[in-house]
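The chain contents come next:
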2 protein chains.
Amino acid sequence: MATGRTHRPATRSRGIPEATVARLPLYLRALTALSERSVPTVSSEELAAAAGVNSAKLRKDFSYLGSYGTRGVGYDVEYLVYQISRELGLTQDWPVVIVGIGNLGAALANYGGFASRGFRVAALIDADPAMAGKPVAGIAVQHTDELESIITGNGVSIGVIATPAGAAQQVCDRLVAAGVTSILNFAPTVLSVPEGVDVRKVDLSIELQILAFHEQRKAGEGERVALPIEGGDLEPSPGGSRGTEGERVALPIEGGAQAGPMARAGQDTGAAAGGRQQGPDGDVPAVMPA
Amino acid sequence: MATGRTHRPATRSRGIPEATVARLPLYLRALTALSERSVPTVSSEELAAAAGVNSAKLRKDFSYLGSYGTRGVGYDVEYLVYQISRELGLTQDWPVVIVGIGNLGAALANYGGFASRGFRVAALIDADPAMAGKPVAGIAVQHTDELESIITGNGVSIGVIATPAGAAQQVCDRLVAAGVTSILNFAPTVLSVPEGVDVRKVDLSIELQILAFHEQRKAGEGERVALPIEGGDLEPSPGGSRGTEGERVALPIEGGAQAGPMARAGQDTGAAAGGRQQGPDGDVPAVMPA
DNA sequence: CCATCTTTGTGCACGCGTTCACAAAGACAT
DNA sequence: ATGTCTTTGTGAACGCGTGCACAAAGATGG
């Protein structure tokens with residue numbers, strides 16, 4: 001999901017499949033709710049329903065952690081909460097910095113779910129000098145100049161990027177150089193990072209577009225009359241069916257530009273943070289900061 | 001991968017794999033950037049690098065849409081932008097409502113990337129009467145009472161839920177009843193919806209927890225000395241290693257409560273919106289609204 | 001102590017997604 | 001027109017994730 005799935009297929013860490021890891025927080029949430037209700041034990045069937053997954057899948061997931069259930073009874077809620085928390089690394093404190101305190105950054109800073117999961121907002125960082133010193137969610141915003149010292153000083157290893165897309169790669173590079181090895185990226189850009197750094201992506205625009213795809217499909221099925229859309233049958237001649245642009249042919253422009261400006265598009269692995277142009281949109285995260 | 005992945009495995013719509021659909025917006029973004037730079041054509045290799053994927057994967061993805069490339073040359077940027085936009089349904093207008101105008105909801109309302117992708121914020125809805133009439137991002141917030149009339153009046157089929165978790169299912173039910181068939185959910189809850197309704201989930205907390213897992217793993221590999229963590233070897237006796245709770249045994253509580261309060265945990269498919277209790281966290285979306 | 005009943009843990013098969021590797025297609029030069 | 005060179009489109013193999021179905025484990029009752 002949210003999308004976001006720009007995660008290195010990675011090293012099947014400790015034998016626990018990535019898909020299972022992604023579901024553990026789901027189980028943890030359901031278990032926490034049960035715990036607060038003082039429910040002592042829960043069966044795989046019940047817990048699976050609460051987490052919205054298949055019970056067999058849940059049992060298989062738990063089997064990667066060890067044999068923590070009791071046949072004929074189920075799982076001990078408290079014990080499982082602890083085991084999953086430990087497996088996810090939530091029993092320790094994770095200082096986090098948020099870079100880019102715009103609409104979204106501020107909203108994230110106000111998120112109450114950090115502390116209880118072991119995450120602590122160590123600092124808020126923004127490039128706007130006017131923001132420096134202003135308190136957001138009870139924390140004074142600091143200027144980008146202090147990024148490195150903040151990271152090293154607090155031993156931060158997780159960074160959240162909520163800047164415009166144009167600044168994201170640059171911020172990312174600085175975070176990584178300062179020692180951050182896990183990044184949650186809200187900017188609509190593909191971040192390139194060195195080996196060993198994890199990046200997860202959250203992108204509202206992408207999620208909506210995926211929904212639109214399915215929505216269109218649903219609509220097109222009910223009334224396949226008035227809509228000449230529904231293409232895709234290997235018919236590459238759209239002609240002027242759409243009004244946006246006049247003529248569309250497969251090869252209107254031939255010739256040059258094979259490796260000229262093109263080469264840059266593909267190979268901006270690290271140093272391309274310089275010349276990004278401003279698009280009308282897509283250049284800011286799901287939520288326009290500042 | 002942020003997210004959110006609570007998406008029905010679904011019907012392999014029109015032969016286009018779900019995984020491919022999820023990548024189309026990525027390609028579209030890269031292509032749009034090239035288009036703005038007036039780049040006429042692009043090879044699969046270059047475009048793949050820009051989108052952060054494998055070139056073979058990209059070619060296979062495009063092959064599901066049809067044969068839009070030219071061997072020896074590459075793909076025509078403008079034409080491909082159009083084809084993908086059409087496939088995703090972005091050539092038409094999608095009115096969207098945002099329910100829950102807190103920190104996050106407001107941030108989403110300010111998002112500039114809506115319009116250019118064919119999404120239009122038709123209305124902002126909040127349950128707080130004090131919010132009604134207040135302009136957010138240039139749009140007056142409307143009260144929840146008007147939810148149904150707004151949906152039907154504007155022909156809205158996509159809804160965004162940014163309410164606290166406690167209200168999410170209820171809001172979801174009302175949206176669906178009013179005609180919404182695609183939902184983007186920011187509340188940390190598993191939404192249950194009838195067949196035919198798509199739900200995508202975005203959850204900051206989950207993303208951070210997944211990062212923490214990998215982060216812990218990295219840390220545990222470098223110095224497997226001072227950390228007695230690194231467990232998982234089928235050793236289910238944690239003892240008192242953690243301070244939160246005293247003793248942890250696999251089966252501290254036996255006996256009753258097999259189907260009493262437990263049954264409710266699993267079976268709250270629709271009408272359970274009533275009795276949710278307030279947890280310390282996790283009860284609000286990634287960003288605490290209001 | 002034995003029988004029964006519940007629920008876990010998992011072997012197995014299936015399907016999707018990814019990747020490799022290459023033949024076919026077309027551009028371009030001569 | 002022919003040859004060379006580039007790049008697409010895809011057949012095929014592989015690996016991961018999912019779900020079924022069932023044997024084993026343990027609780028519970030007599």
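Bear in mind the structure is a predicted one, so any value in this text is a computation, not a measurement.

Thresholds applied
- Residues numbered from 1 in each chain as written.
- Chains lettered and ligands numbered in written order.
- Predicted model: local features only at pLDDT ≥ 70, side-chain atom pairs only at ≥ 80, totals over all residues.
- Heavy atoms only, no water.
- Near = heavy atom within 4 Å.
- Polar contact = N/O pair within 3.5 Å; in protein donor to acceptor, adjacent residues only side chain to side chain.
- Nonpolar A, V, L, I, M, F, W, Y, C, P; charged D, E, K, R; others polar.
- Helix = DSSP H or I, 4+ residues; strand = E, 2+ residues; numbered from the N terminus.
- Expected span 1.5 Å × (residues − 1).
- Bend = angle between axes of the 7 residues up to and from the residue.
- Salt bridge = Lys/Arg side-chain N within 4 Å of Asp/Glu carboxyl O.
- Phe/Tyr/Trp six-rings, centres within 6.5 Å; stacked < 30°, edge-to-face > 60°.
- Buried < 20%, exposed > 50% of the residue type's maximum accessible area, 1.4 Å probe, protein only.
- Pairing = 2+ DSSP bridges.
- Right-handed = clockwise from strand over helix to strand, strands pointing away.
- UniProt positions renumbered as here; feature names shortened; annotations may be inferred.
- Core = buried A, V, L, I, M, F, W, Y, C linked by side-chain atoms within 4.5 Å.
- Contact = heavy atoms within 4.5 Å.
- Axes fitted to C-alpha atoms, helices over the stretch in contact; angles between N-to-C directions.
- Left-handed = near helix turned anticlockwise from the far one by under 90°.
- Arc of directions from axis to C-beta.

### Some thoughts on the protein's contact with DNA strand D
Part 1 of the reasoning: Taken together, 26 residues are adjacent to DNA strand D, and Lys57, Lys60 and Arg71 of chain A together with Ser44 and Tyr75 of chain B come closest.
Part 2 of the reasoning: Sugar and phosphate atoms constitute 65% of the interface atoms of DNA strand D, taking the interface as everything within 4 Å of the protein.
Part 3 of the reasoning: Contacts to DNA strand D include Gly69 of chain B, whose backbone N or O atom sits 3.0 Å from a phosphate oxygen.
Part 4 of the reasoning: Residue Tyr75 of chain B places a side-chain N or O atom 2.6 Å away from a phosphate oxygen belonging to DNA strand D.
Part 5 of the reasoning: A per-class count over the surface near DNA strand D returns seven nonpolar, 10 polar and nine charged.

### Overview of the protein's contact with DNA strand C
Part 1 of the reasoning: Close to DNA strand C lie 28 residues; Ser44, Arg71 and Tyr75 of chain A together with Arg23 and Arg71 of chain B are nearest.
Part 2 of the reasoning: Within 4 Å of the protein, the atoms of DNA strand C are drawn from sugar and phosphate moieties in a proportion of 64%.
Part 3 of the reasoning: Side-chain polar atom of Arg71 of chain A to a base oxygen of DNA strand C: 2.9 Å apart, as the coordinates give it.
Part 4 of the reasoning: Between DNA strand C and the protein, one listed contact pairs a phosphate oxygen with a side-chain N or O atom of Tyr75 of chain A at 2.6 Å.
Part 5 of the reasoning: Breaking the surface near DNA strand C down by element, the ones donating at least two residues are α3 (55-65), β2 (69-70) and β3 (74-76) of chain A together with α1 (18-36) and α3 (55-65) of chain B.
Part 6 of the reasoning: Here the element with the most residues in the surface near DNA strand C is α3 of chain B; it accounts for four residues.
Part 7 of the reasoning: Class assignment for the residues of the surface near DNA strand C results in eight nonpolar, 10 polar and 10 charged.

### Description of α1 of chain B
Helical periodicity: at 3.6 residues per turn, an α-helix aligns residues three or four positions apart in one direction.
Residue and element names in this part refer to chain B.
Part 1 of the reasoning: Between its first and last C-alpha, α1 extends 28 Å over 19 residues, near the 27 Å set by a 1.5 Å rise per residue.
Part 2 of the reasoning: Of all the bends found along α1, the most pronounced is centred on Leu24 and spans about 25°, while Pro25, a proline, follows it within four residues.
Part 3 of the reasoning: Positive backbone phi, at 60°, marks Ser38, one or two positions downstream of α1.

### A look at the pattern of salt bridges
Should their charged atoms come close, side chains of opposite charge can pair.
Part 1 of the reasoning: As enumerated under the stated definition, the model contains 16 salt bridges over all chains in all.
Part 2 of the reasoning: Look at the salt bridges and you will find they share partners, linking Arg29 of chain A together with Lys201 and Asp203 of chain B into a network.

### Some details on the packing of aromatic side chains
All names here are of chain A.
Part 1 of the reasoning: Applying the stated criterion to the full structure yields six aromatic pairs over all chains.
Part 2 of the reasoning: Judged by centre distance (5.2 Å) and plane angle (80°), the ring pair of Tyr27 and Phe62 falls under edge-to-face. With Tyr27 in helix α1 (residues 18-36) and Phe62 in helix α3, the pair connects residues that are 35 residues apart, well separated along the chain.
Part 3 of the reasoning: Where Phe62 meets Tyr75, the ring centres are 5.1 Å apart and the plane angle is 80°; that geometry is what we call edge-to-face.

### Focus: the environment of Pro135 of chain B
Part 1 of the reasoning: Its location among the elements puts Pro135 of chain B in strand β6 (residues 135-136).
Part 2 of the reasoning: Along the sequence, Pro135 of chain B and Leu124 of chain B sit 11 residues apart, while their C-alpha atoms lie 9.3 Å from each other.

### Some points on the pairing of strand β5 (residues 119-126) of chain A
Residue and element names in this part refer to chain A.
Part 1 of the reasoning: The element β5 is largely enclosed, with a buried count of seven among its eight residues.
Part 2 of the reasoning: One ladder, built from six bridges, connects strand β4 (residues 94-99) with β5; its direction is parallel. By the bridge assignment, Ile98 is partnered in β5 with Leu124.
Part 3 of the reasoning: The parallel pair β4 and β5, bridged by helix α5 (residues 103-109), forms a crossover whose chirality is right-handed.

### Topic: the environment of Ser38 of chain B
Residue and element names in this part refer to chain B.
Part 1 of the reasoning: Of note, Ser38 is situated in the loop between α1 and β1 (41-42).
Part 2 of the reasoning: Classification of Ser38 as exposed rests on a relative accessible area of 61%.
Part 3 of the reasoning: In the structure, Ser38 is positioned 40 residues away from Glu78 in sequence and 9.1 Å away in space, judged by C-alpha atoms.

### Brief notes about the UniProt feature "DNA-binding region" (unreviewed entry) in chain A
Part 1 of the reasoning: Mapped onto this numbering, the UniProt entry annotates "DNA-binding region" (unreviewed entry) at residues 26-65 of chain A.
Part 2 of the reasoning: Between the C-alpha atoms that bound residues 26-65 of chain A there is a distance of 15 Å. The span itself is 75% helix and 5% strand.

### What to know about the nonpolar core
Part 1 of the reasoning: Grouped together as the largest cluster of nonpolar side chains are 112 residues, with contacts concentrated most on Ile84 of chain A together with Ile84 of chain B.
Part 2 of the reasoning: Look past the residues within four positions of Ile84 of chain A in its chain and what remains in contact with it is Leu24, Tyr27, Leu28, Leu31, Phe62 and Leu65 of chain A.

### A word on the packing of α1 of chain B against helix α4 (residues 77-88) of chain B
Residues and elements named next belong to chain B.
Part 1 of the reasoning: Running from N to C, α1 and α4 point in directions that differ by 145°, and their axes come no closer than 9 Å. For the pair α1 and α4, the sense of crossing is left-handed. Of the residues in α4, those in contact with Val21, Leu24, Pro25, Tyr27, Leu28, Leu31, Thr32, Leu34 and Ser35 of α1 are Val77, Glu78, Leu80, Val81, Ile84, Ser85, Glu87 and Leu88.
Part 2 of the reasoning: Taken together, the residues that form the contact of α1 with α4 break down as 12 nonpolar, three polar and two charged.

### Concerning α3 of chain A
Residues and elements named next belong to chain A.
Part 1 of the reasoning: Listed in full, the buried residues belonging to α3 are Ser55, Leu58, Asp61, Phe62 and Leu65. Take α3 and look down its axis: the buried residues cluster within an arc of 120°, on one side only.
Part 2 of the reasoning: In this structure, the buried side of α3 is in contact with α1, α2 (44-51), β3 and α4 (77-88).
Part 3 of the reasoning: The backbone nitrogen of Ala56 lies 2.6 Å from a side-chain oxygen of the residue at the head of α3, namely Asn54.

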